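For reference, the chains in residue letters:
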Amino acid sequence: MVGYMKIGILALQGAFVEHAAMLDRLGVQHFEIRQRRDLETEFDGLILPGGESTVMKKLLYELDLLDPLIKKIQEGLPVFGTCAGLILLAKQVNGGQLCFASMNITARRNAYGRQLGSFYACEKFADTKAVPMTFIRAPYIESVGKNVEILATVDGKIAAAQQGRQLVTAFHPELSEDTTVHQYFLEMIG
Amino acid sequence: MEKSRYELNKELAQMLKGGVIMDVTTPEQAKIAEAAGACAVMALERIPADIRAAGGVSRMSDPKMIKGIQNAVSIPVMAKCRIGHFAEAQILQAIEIDYIDESEVLSPADDKYHIDKTKFDVPFVCGAKDLGEALRRINEGASMIRTKGEPGTGDVVQAVRHMRMMQSEIRRIGSLAEDELFDTAKQLQVPYELVLYVHEHKKLPVVNFAAGGVATPADAAMMMQLGAEGVFVGSGIFKSGNPEKRAAAIVKAVTNYNDAAMLAQLSEDLGEAMVGINEQEIELLMAERGK
């Protein structure tokens, strides 16, 4: 299955190349979404990378990508947001703007403060195994609503969650060597 | 600095990629920059063009002014210290700046030694004209590199020269035989391990932005096509006729730097660009500071 899958990676700003490298290692096809005409390609899953959510939101809006992508997510397109990507998907954001607002979570942006608050952790993910987690000026999930499953917590703060075919992590699995979280996403696509 | 802290600092730079970092002098400008899509702002009292015009000794900005900008925006805030001025850097770390730019735009405080950046927890970005300078700064602990360009001129020629020089040296090292790398390390005055990294990965071990003289969407797109991973814009925005529009256009140009039709659209009706000065017309070459 994985061999036939194609993943679109939002490539407006941020660490999208790192996600592409991860998908290369897993042997999955992918392409970059930088403007409206890139959506003419058929794809099976969407990755929203780390970066600045304010920049991505503005570019999504101005490049006419927001509405078509919201529609696809509502129709069940599997989506995986890391860090800024988590913010873009949250229905409520403290300290930031709403974007897709498709997932029943309340996120706190820059929840650990400035760069001096960035850190590494290693915690269990989705009842599988402990995975390395990189938090860069990261958010966390303050609370989850209906149909949301918590997949990881770090020091009592929610660091990963899933609602249907939407997956979010406050950390950056694309920055580590461990492919667990990306594999989990690919399995969600089926 | 622990190794893990250095890795985290390099990773913050990775998050800035594909973005535009804008010079701002007031909280109002910082908000304009954030709204226009800046991925970070550089807080400083005077933009390079005004530093150049004013002359005299140029120093780290007032921490109160920097804090005002930190409070005004939610994106990362950077600030500059003088080359070699580790006490200014300590002060910037104390106010929890997200990135320190040890910058040739300010008057150098030490004409021989750069700051030992490995002693700090906050990340540093440094300017470089060529691969040797870049790797020497990385060896001192810089976790991000930018071209020096020639700040405050609106003339992109030096940024182009520096980026081309770095990329061409990276290509050359990539093509060397392994036993030739030792001599290259000697010539560049950097540790063998850094040269080996460039040889194996065909890139710098840290993120590399373009800076110095970028004034238009076309300038930004050109730098991206030359291999920059993002762009600093200093005087180019707030010295122009319509800062909001120009800033937003440069942000979009960096995202779609290969799409000439979109770049054409973005370049329309931006109002007056900063006037600029040609490199032959200036007396002070900031890029010659700190090698």
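Notes on the structure in this doc start here. The model shown is predicted, which means the values in this text are computed figures rather than measured ones. (Residues numbered from 1 in each chain as written. Chains lettered and ligands numbered in written order. Predicted model: local features only at pLDDT ≥ 70, side-chain atom pairs only at ≥ 80, totals over all residues. Heavy atoms only, no water.)

Quick look at the overall build of chain A
Line of reasoning, step 1. Each helix and strand counted, chain A has five helices and twelve strands in total.
Line of reasoning, step 2. On C-alpha atoms alone, chain A measures out to a radius of gyration of 15 Å, which is about the 16 Å that the 2.2 N^0.38 rule sets for 190 residues.
Line of reasoning, step 3. Across the 190 residues of chain A, 61% fall into the buried class.
Line of reasoning, step 4. Within chain A, contacts between residues at least 6 apart in sequence are counted, and of these 64% link residues at least 24 apart.
Line of reasoning, step 5. Here chain A holds 19 positive side-chain charges and 21 negative ones, and the gap between their average locations is 5 Å. (Helix = DSSP H or I, 4+ residues; strand = E, 2+ residues; numbered from the N terminus. Rg over C-alpha atoms; globule rule 2.2 N^0.38 Å. Buried < 20%, exposed > 50% of the residue type's maximum accessible area, 1.4 Å probe, protein only. Contact = heavy atoms within 4.5 Å. Lys, Arg positive; Asp, Glu negative; His and termini not counted. Charge placed at Lys NZ, Arg CZ, Asp CG, Glu CD.)

Focus: the sheet that holds strand β1 (residues 20–24) of chain B
Residues and elements named next belong to chain B.
Line of reasoning, step 1. Read across the open sheet, the eight strands follow the order β7-β6-β5-β4-β3-β2-β1-β8; overall the sheet is parallel. Since the sheet does not close on itself, it has two edges, and those belong to β7 (207–209) and β8 (231–233), each with one partner. For this sheet, the mean inter-axis angle between neighbouring strands, taken without regard to orientation, is 30 degrees. (Pairing = 2+ DSSP bridges. Axes fitted to C-alpha atoms, helices over the stretch in contact; angles between N-to-C directions.)

Remarks on the interface of chain B and chain A
Line of reasoning, step 1. Opposite the 37 residues of chain B that make contact, chain A presents 34 residues.
Line of reasoning, step 2. Across the chain B/chain A interface, buried area totals approximately 2,900 Å², and carbon plus sulfur atoms make up 55% of it.
Line of reasoning, step 3. Summed over the three residues of chain B that lose the most area to chain A, namely L8, M15 and T255 of chain B, the buried surface amounts to 22% of that side.
Line of reasoning, step 4. In this assembly, chain B and chain A are joined by five salt bridges.
Line of reasoning, step 5. E18 of chain A is the salt-bridge partner of K17 of chain B, the closest N and O atoms lying 2.5 Å from each other.
Line of reasoning, step 6. Linking chain B to chain A there are 25 residue pairs in polar contact (both at pLDDT 80 or more).
Line of reasoning, step 7. Sorting the residues of the side of chain B that touches chain A by element identifies α1 (3–16), α2 (27–36) and α12 (243–255) of chain B as the ones contributing at least two each.
Line of reasoning, step 8. Across the side of chain B that touches chain A, the residue classes tally to 16 nonpolar, eleven polar and ten charged. (Buried area = accessible area lost by both parts, 1.4 Å probe. Salt bridge = Lys/Arg side-chain N within 4 Å of Asp/Glu carboxyl O. Polar contact = N/O pair within 3.5 Å; in protein donor to acceptor, adjacent residues only side chain to side chain. Nonpolar A, V, L, I, M, F, W, Y, C, P; charged D, E, K, R; others polar.)

What to know about the packing of aromatic side chains
Residues and elements named next belong to chain A.
Line of reasoning, step 1. If you walk through the whole model with that rule in mind, you get eleven aromatic pairs over all chains.
Line of reasoning, step 2. Between F125 and Y184 the ring centres are 5.3 Å apart and the planes differ by 85 degrees, which places this aromatic pair in the edge-to-face class. Of the two residues, F125 is situated in strand β7 (residues 119–125) and Y184 in helix α5 (residues 180–189); the sequence distance between them amounts to 59 residues.
Line of reasoning, step 3. F125 sits in the buried class, given a relative accessible area of 0%.
Line of reasoning, step 4. Put simply, the rings of Y112, F119, F135, Y140 and F171 touch in pairs and so form one group of aromatic residues.
Line of reasoning, step 5. For K157, the ring lying beneath its charged end belongs to Y140, and the centroid distance is 5.3 Å. (Phe/Tyr/Trp six-rings, centres within 6.5 Å; stacked < 30°, edge-to-face > 60°. Lys NZ or Arg CZ within 6 Å of the ring centre and 35° of its normal.)

Observations concerning the pairing of strand β6 (residues 103–108) of chain A
Residue and element names in this part refer to chain A.
Line of reasoning, step 1. Counting buried residues along β6, five of its six residues qualify, which places the element largely inside the surrounding structure.
Line of reasoning, step 2. Both strand β5 (residues 90–94) and β6 contribute to a ladder of four bridges, which runs parallel. The partner of N94 across the bridge, within β6, is R108.
Line of reasoning, step 3. Pairing geometry for β6 and strand β9 (residues 140–144), over four bridges, is antiparallel. Bridge pairing in β9 places I105 opposite V144.

Concerning unusual backbone geometry
Line of reasoning, step 1. With a phi close to 60 degrees, D64 of chain A is a non-glycine residue in the positive phi region.
Line of reasoning, step 2. For D64 of chain A, the location among the structural elements is in the loop between α2 (53–62) and α3 (66–74).
Line of reasoning, step 3. Unlike most non-glycine residues, E96 of chain B shows phi in positive territory, near 55 degrees.
Line of reasoning, step 4. Tracing the chain through its elements places E96 of chain B in the loop between α5 (86–94) and β4 (99–103).

Describing the pattern of salt bridges
Line of reasoning, step 1. The final tally for this structure, using the stated rule, is 26 salt bridges over all chains.
Line of reasoning, step 2. As a salt-bridge pair, E52 of chain A and R109 of chain A come within 3.3 Å of each other at their nearest N and O atoms. In this pair, E52 of chain A sits in the loop between β3 (45–48) and α2 while R109 of chain A sits in the loop between β6 and β7, placing the two residues 57 residues apart along the sequence.
Line of reasoning, step 3. On the accessibility criterion, E52 of chain A (8% relative accessible area) is buried.
Line of reasoning, step 4. A relative accessible area of 8% means that R109 of chain A is categorised as buried.
Line of reasoning, step 5. Salt bridges sharing common partners tie together K80, D101, E104 and R146 of chain B.

Some details on the layout of surface pockets
Line of reasoning, step 1. Considered as a void within the structure, the largest pocket measures approximately 890 Å³ in volume.
Line of reasoning, step 2. What lines the largest pocket is a set of 34 residues, among which V17 and E18 of chain A together with Q14, K17 and K203 of chain B lie closest to the centre.
Line of reasoning, step 3. Among the secondary structure elements, those contributing two or more residues to the lining of the largest pocket are α1 (16–25) of chain A together with α1, α9 (192–201) and α12 of chain B.
Line of reasoning, step 4. No other element matches α1 of chain A, which puts six residues into the lining of the largest pocket.
Line of reasoning, step 5. Its residues assigned to classes, the lining of the largest pocket comprises 15 nonpolar, seven polar and twelve charged. (1 Å grid on protein atoms, 1.4 Å probe; cavity = no way out; pocket = protein on both sides within 12 Å on 5 of 7 lines; lining within 4 Å. Points joined across faces, edges and corners; volume = space filled by probe spheres on them.)

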